[in-house]
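These are the residues of each chain, in order.
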Amino acid sequence: MAKTKNKLKPTPLLEETYVEDNGEDTLPNTNISKKTPRNSSFIQSVKNIFHFLNDDPVGSIIFGGIITFTSICLLISFISFFYTWQDDFDKVTAPISILFSYETNIQNWLGAIGALLSHLFMYRLYGIGSFALPIALLIWGINKIRLQTTSFNLLLHTFFWMIWISLTLSFFLNEKYPFAGGNYGEIMNNTITHYIGKWGLLSAIITSVVIYFIINPQWIKWINFKYSKNNNTEEILFEKEDNIETTDEDIQPNTIPIVSTNNEEEPEEIIITENTNNEIKFDIKNDKPSEEPEITNEPKFTIEQSSEHIIDSNTTSENEQEKTVEEIAEQLVQEQGEYNPLADLSDYIYPGLDLLNDYGSGVGKITQEELLQNKDKIVRTLRTYGVEIQEIKATIGPTVTLYEIVPAPGVRIARIKNLEDDIALSLAALGIRIIAPMPGKGTIGIEVPNQHPEMVSMKNVLSSEKFQNTTFELPIALGKTINNEVFIADLAKMPHLLIAGATGQGKSVGINSILISLLYKKHPAELKFVLVDPKKVELTLYNKIERHFLAKLPNSEESIITDTKKVIHTLNSLTIEMDNRYALLQDAQVRNIKEYNQKFIKRRLNPNDGHRYLPYIVVVIDEFADLILTAGKEIESPIARIAQLARAVGIHLVIATQRPSVNIITGVIKANFPARIAFRVSSKIDSRTILDTGGADQLIGRGDMLFSSGNDLIRLQCAFVDTPEVEKVAEFIGIQRGYPHAFLLPEYVEENDESGAEDIDLSQRDKLFEEAARLVVQFQQGSVSFLQRKLKIGFNRAGRLVDELEKAAIVGKFEGAKQREVLVKDFQQLEEILKKLE
C-alpha cells in the first residue's frame with residue numbers, strides 16, 4: 001500500500017508540517033504520532049535555533065556579530081602576547097584556580113581568558129601562524145552580517161596557512177626567536193628534520209606552497225559574495241530571453257531559471273542538458289558569443305553560484321568513512337568503557353605521609369640580631385671600598401638568607417663582585433655567593449648561610465598543596481627555594497637529569513627524594529624504574545618493590561643492576577625498547593607517549609596488532625663515573641642515544657656522579673642533559689663542568705644545591721629523607737599484591753654471542769618459520785624488527801626466528817649495526833631448502 005502525505009494546518013513553530021499516514025492514530029490537535037520520541041520537541045527546538053542563526057536575517061546578523069567579536073578578542077590577546085607573555089607565563093602554567101583568582105595580576109590586554117588563549121595558540125600550538133584563525137573568523141563574521149555565505153574552503157585554507165607559517169617560522173627563526181613557530185611548529189620541525197634533514201624540510205616547505213598556488217589560482221577569493229537571500233527563500237523569476245520567445249510549455253519541471261534580484265551584474269548561465277543515459281552536461285555561456293552558437297529548445301537553468309559550492313563525491317565518501325570509524329570507536333567505548341590500565345592492581349594503595357618523619361617545617365630560623373649584624377657588616381665592608389648602596393633587604397630561607405642591595409648610581413657591578421672574598425671575611429661565613437645582577441630585578445643578591453640552618457623534611461614537601469594538586473606527568477619534589485616555596489619539577493619535560501657533587505654532599509639523598517616523589521604520585525601501571533647501583537649498597541632497599549615498579553632483563557635474578565656487563569646489556573635493551581615504542585607510535589600516528597596512551601585508553605588501537613599501554617621508564621644510574629672508567633664507550637654510546645631520542649617515548653635518565661670531570665661528563669652528555677643539579681664541589685672548574693658557570697663551589701653542603709634548567713639557576717635546599725623512611729615506604733608497597741614478575745625489557749644479544757644460532761634445533765622450529773622465510777626472501781630484509789612488524793609478534797619470538805633462519809642458511813650472521821645479509825635470493829632456492837628441512 002502506497003504511503004500518502006497529508007498537509008496539516010500550520011502550527012506556531014512550523015509553517016507547514018507533514019505527517020506520514022501509516023494508518024496509526026494521531027494525538028488530537030497535534031501533528032505528532034504516538035510513536036514519536038519524547039525528545040522530538042527538543043530536537044525541533046535545536047533545529048529552530050539553527051534555522052534562526054543560519055537562515056533568518058536577524059539571527060544571521062546576531063551570529064555574525066558574535067563571531068566578529070570573538071575574532072577581535074583573539075587578535076587583541078595574540079598581539080598582547082608579544083608584550084606580556086613573560087609576565088603571565090608563570091600564571092597560565094599554574095592551576096586554573098590561581099589564574100582566575102582576583103588576587104592574580106594578569107598583564108594580557110584581554111585579562112585571564114586572553115592570557116590563557118594566547119598561551120595556548122601562540123606558545124603551545126602554532127605561534128605567529130595562529131593569526132590565521134582570527135582573520136578567518138573575522139571574514140566569516142563579516143559575511144554573516146552581510147547575509148552572505150562563506151565557503152567551506154575557508155576552513156581548509158586557514159588550517160593550511162596556520163601549519164605552513166608555523167613550520168616555516170620554526171625552520172628559519174627557531175634559534176633567534178624560539179616562539180615564532182610555536183611549540184607545535186618546533187615539534188614538527190624537529191620530527192621532519194630527523195627523518196629527511198633540513199634540506200628535505202626546506203624542499204617540502206617550498207613545494208607545498210607552490211602546489212597550493214597551483215591548485216588555488218584564485219586563492220585570495222575564499223568567499224562567495226554572489227549568493228544572496230531574501231526572507232530565507234530564493235527569488236524565482238521567470239524571464240524571457242531577448243531573441244527567443246518562451247512559452248509555458250518551454251518551461252520543464254526539471255529546469256527552472258533562477259536569477260538574482262541584483263541588476264548590477266548579470267549572472268553566468270549554466271545550461272544543464274539531460275540525455276537518455278541519465279548524464280548531466282554543463283555548458284557555461286560567456287558574455288561573448290561562441291564561434292558555433294546553438295539554439296535549442298532546452299530551457300535554461302540560471303543560478304548565481306561559484307565553483308566552490310561544487311562538492312566532490314569522492315571527498316564526501318572519504319569523510320563519511322572516517323566518521324564511521326570514529327563512531328565505531330565511540331560505540332565500543334560506550335559498550336565496554338575506556339581501557340583502564342590500573343585495573344590489574346585496582347586495589348593498590350598509595351603510601352601515606354605517616355611513613356615519613358617530620359624534621360621541621362623548613363622555614364629558616366634566624367634572630368633579629370643576626371640579621372642586623374650581617375646587614376651592618378655588608379654595608380660597612382662595601383663602604384670601606386668606596387661602594388655606596390641606597391637600599392638593602394633580606395629574604396630568609398631554610399639554610400641561606402638572601403640580602404638584596406640596590407647600589408648607588410654610578411657604581412659598577414664588577415666592583416661588588418670582586419669584593420666577594422672580602423665580604424666573606426667580614427661575615428666570617430662559609431659559602432658567600434654574590435648574584436650580580438638578580439634575574440628580573442634591579443638588585444644585587446648576596447647569599448649568606450644561616451648560623452642555625454633548618455632541615456627541610458620530605459614529609460613537609462609532599463604534604464604541600466602544590467605537590468598534591470600538581471598536574472605534572474612525572475613530578476619530583478626537590479626541596480624548597482630561598483623564599484621557602486616548595487619546588488617541584490617535571491622529569492617528563494626536563495627530559496633527563498644530571499646530578500653531580502662531592503662525596504657526602506647529598507647526592508644519595510637527592511636520588512631518594514626523586515624516587516620517593518614518584519612512588520607517592522604514580523601507580524605501578526604508569527611507571528617503571530631501572531636502577532643501576534655499582535656500589536651495591538645505595539639502592540638495594542628498592543628490591544622490595546620489584547613486582548610493582550622495577551624493570552629488568554629476562555632471566556635476570558637481581559632487579560637492582562650492579563654488574564657492569566649487565567648494565568651494558570640493560571642500556572642496549574632500553575634502546576631496543578625505545579625503537580619498538582617508536583614503531584608503535586608511528587603505527588598509531590601520534591607524536592609522543594601521552595597521545596599514544598590516550599588513544600589506547602579510548603580503544604582506538606588494537607592490541608592484536610602489538611599495541612599496549614606504555615608506562616614511563618625512569619633509569620637511575622648512581623656512580624656514573626665508575627661505569628665510564630670500567631666500560632667507556634660501551635656505556636656512553638647507548639646513554640647518548642637514549643638521551644637524544646627517548647623523550648617522546650617516555651624513557652628518562654637520572655645520572656649521578658661524584659667526579660664531575662670532562663672525561664666523565666663529556667660534551668655529548670652535557671648536550672643532552674639540559675637539566676642539572678649541582679651539590680657542593682671542591683673547585684670552580686668542577687662547577688663550570690656541571691653548570692657551565694660558577695657557584696657550586698660556594699655552597700655549604702648538607703643538601704644545599706643549585707638547579708639549572710636552561711638559563712635559570714635556582715638555589716634549593718634538598719628535602720631530606722632518611723634510610724629508615726625509604727625502607728618503610730618500600731615495605732608498604734612490597735607487601736601489597738603486585739604483578740607476577742617485574743616489567744621485562746627486550747632481550748639483547750651481544751655481537752660476539754653466536755651460541756644462539758648454534759644451539760637451534762630446526763626439527764623443532766617455530767610454526768611461523770616458513771612464513772618468516774618467505775617474507776625475508778621477498779623483501780630481502782632479515783632483521784628482528786622487520787619480522788616484528790610483519791608478523792605482529794614480540795621481540796623474543798622474532799629473535800628466535802632470526803636464529804632459526806641463520807641456522808638454515810637463509811640469512812647471514814649478526815654484523816653489529818649492519819643488517820643481516822639475505823643468502824637466498826629467490827623463492828625457488830627457498831623451496832629447495834624448505835623441502836630438505838621436511
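All of the points below concern the structure found in this document. Predicted, not measured: the structure shown is a model, and the values here were computed from it. As a convention, each chain's residues are numbered from 1 in the sequence order in which they are written. Reporting of local features is limited, given that this is a predicted model, to residues whose pLDDT is at least 70; pairs of side-chain atoms are given and counted only at 80 or more, and all residues count toward the totals for whole chains, interfaces and linings. Excluding hydrogens and water, the side-chain figures rest on all heavy atoms present in the structure.

Further remarks concern the packing of aromatic side chains. For any pair of aromatic rings, geometry is given as the distance between the ring centres together with the angle between the planes. Between rings of Phe, Tyr and Trp, where Trp is taken as its six-membered ring, a pair exists when centres lie within 6.5 Å; planes separated by under 30 degrees are stacked, by over 60 edge-to-face, and by other angles tilted. Enumeration according to the criterion identifies 15 aromatic pairs in this entry. Relative to F720, the ring of Y359 has its centre 5.2 Å away and its plane inclined at 75 degrees; by these criteria the two rings are edge-to-face. In this pair, Y359 sits in the loop between α8 (313-336) and α9 (368-384) while F720 sits in the loop between β19 (712-718) and α22 (723-734), placing the two residues 361 residues apart along the sequence. Residue burial is assigned from relative accessible area. The probe radius is 1.4 Å, only protein chains are included, and a residue is buried under 20% of its type maximum, exposed over 50%, and partly exposed in between. The class of Y359 is partly exposed, set by a relative accessible area of 29%. Classification of F720 as partly exposed rests on a relative accessible area of 24%. Every helix listed is a DSSP run of H or I at least four residues long, and every strand listed is a run of E at least two residues long, numbered separately from the N terminus.

Whenever a carboxyl oxygen of Asp or Glu lies within 4 Å of a side-chain nitrogen of Lys or Arg, that contact is scored as a salt bridge. Inspection of the entire model under this criterion finds 24 salt bridges. Here E447 and R433 are joined by a salt bridge, their closest N and O atoms 2.9 Å apart. One end of the pair, E447, is in strand β9 (residues 444-449); the other, R433, is in strand β8 (residues 433-435), and 14 residues separate them in sequence. Residues E447 and R433 agree in their burial class; the two are buried. Of the charged contacts, one joins R774 and E770 as a salt bridge, the two residues approaching to 3.7 Å between their closest N and O atoms. Here R774 pairs with E770, and both are found in helix α24 (residues 769-779), just four residues apart, close to one helical turn. By relative accessible area, which is 31% here, R774 ends up partly exposed.

Right, let's talk about the nonpolar core for a bit. If you look at the biggest cluster of nonpolar residues, it comprises 111 residues, and the most contacted ones within it are L497, I516, F529, Y542 and I635. Ranked by residues supplied to this core, first place goes to helix α16 (residues 564-588) with eight residues. A contact between two residues is defined here by any heavy atoms of the two lying within 4.5 Å. Excluding residues within four positions of it along the chain, Y542 makes contact with N512, L515, I516, L519, L531, L550, I560 and V726. Only buried residues count toward a nonpolar core. Its members are Ala, Val, Leu, Ile, Met, Phe, Trp, Tyr and Cys residues joined through side-chain atoms within 4.5 Å. L762, V777, L801 and A808 belong to the second largest nonpolar core, which has 24 residues in total.

When you line up the elements, Y83 lands in helix α2 (residues 57-92). Since its relative accessible area comes to 61%, Y83 is described here as exposed. Along the chain, Y83 and Q107 lie 24 residues apart, while their C-alpha atoms are 8.8 Å from each other.

What follows covers the sheet that holds strand β10 (residues 475-481). Across a sheet, paired strands are connected by hydrogen bonds in the backbone, their directions being either parallel or antiparallel. Only strands that DSSP links by at least two bridges are regarded as paired with each other. Across the sheet, which stays open at both edges, the nine strands sit in the order β11-β10-β19-β18-β17-β12-β16-β15-β13 with mixed pairing between neighbours. What marks the edges here is a single partner per strand, and that holds for β11 (486-490) and β13 (527-532). When the angles between neighbouring strand axes are averaged without regard to direction, this sheet yields 25 degrees. Bridging between strand β12 (residues 497-500) and strand β17 (residues 675-678) involves four bridges; their strand directions are parallel. Residue I499 lies in a different strand from β17, and its bridge partner there is I677. In this description, a line fitted to the C-alpha atoms serves as the axis of each element, helices being fitted only across the stretch in contact, and the angle between N-to-C directions of two axes falls anywhere from 0 to 180 degrees. Strands in contact with helix α14 (residues 507-521) are β10, β12, β13, β15 (616-621), β16 (651-657) and β19; relative to β10, the strand with the most contacts, it is inclined by about 125 degrees. Most of the contacts of helix α18 (residues 624-631) go to β16, to which it runs at about 90 degrees, and overall it touches β13, β15 and β16.

The next subject is α24. Every buried residue belonging to α24 is among F769, A772, A773, L775, V776 and V777, and all of these are buried. Residues of α24 that are buried make contact with α25 (784-791), α26 (795-807) and α27 (827-837). Q780 sits one or two positions beyond α24 and adopts a positive phi of about 55 degrees.

The next thing to look at is the environment of H523. Looking at the element boundaries, H523 is found in the loop between α14 and β13. The class for H523 is buried, based on a relative accessible area of 3%. A sequence separation of 177 residues divides H523 from S346, and the C-alpha atoms of the two residues are 9.7 Å apart. Contact partners of H523, with chain neighbours within four places excluded, come to L342, L345, Y348, Y350 and F549.

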